[in-house]
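# Geometric and topological summary
Take a look at the letters that make up each chain.
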Amino acid sequence: MLCLRESLADHGRLRVDRSSGGPPGSAANPWAIVGQRDFSGDGYTDILWRNGTSGQVVTWFLNGATVIDGGSPGSAAGPWAVAGTGDFNGDGFGDIL
């Protein structure tokens, strides 16, 4: 099981911590959930986070209530923001707007 943790050594970035397991947990401000959708196509809802200061976007890939992987599609620094999620192109995977 994987958890994502905020790391000061990584300059406040969320990172995948493969050394420990447990529930997804939480992340401190300035991280906020900005969307949810099945981004991996496995039938489970995943969580999209955004750091309001740096603009970094991170996805928690879930299997039920367990984080099984994570990744970052990049950053959306201000004034850009995530407006929503959906399957905009009809391929069965979640997309970010």
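Before any of the text, the structure's been laid out above.
Residues numbered from 1 in each chain as written. Predicted model: local features only at pLDDT ≥ 70, side-chain atom pairs only at ≥ 80, totals over all residues. Heavy atoms only, no water.

A full pass over the atoms with the stated rule returns one aromatic pair. Taking 4.9 Å as the distance between ring centres and 55° as the angle between the ring planes, the aromatic pair formed by Trp49 and Trp60 counts as tilted. Here Trp60 lies in strand E5 (residues 56–63) and Trp49 lies in strand E4 (residues 46–51), a separation of eleven residues in the sequence. Take Trp60: its relative accessible area is 1%, and that puts it in the buried class. (Phe/Tyr/Trp six-rings, centres within 6.5 Å; stacked < 30°, edge-to-face > 60°. Helix = DSSP H or I, 4+ residues; strand = E, 2+ residues; numbered from the N terminus. Buried < 20%, exposed > 50% of the residue type's maximum accessible area, 1.4 Å probe, protein only.)

Another point: the nonpolar core. Generally speaking, nonpolar side chains in soluble globular proteins are found buried as a group. One finds Ala27, Trp31, Ile47, Trp49, Val58, Trp60, Leu62 and Val67 forming the largest nonpolar core, which totals eight residues. Looking at this core, the element that brings in the most residues is E5, giving three residues. Phe39, Leu48, Val57 and Ala76 belong to the second-largest nonpolar core, a separate cluster that totals five residues. (Core = buried A, V, L, I, M, F, W, Y, C linked by side-chain atoms within 4.5 Å.)

Time to look at the environment of Ala32. Within the fold, Ala32 resides in strand E3 (residues 31–37). Sequence-wise, Ala32 and Arg50 are 18 residues apart; in three dimensions their C-alpha atoms are separated by 5.6 Å. In this structure, Ala32 is in contact with Leu48, Trp49 and Arg50, ignoring residues within four places of it in sequence. (Contact = heavy atoms within 4.5 Å.)

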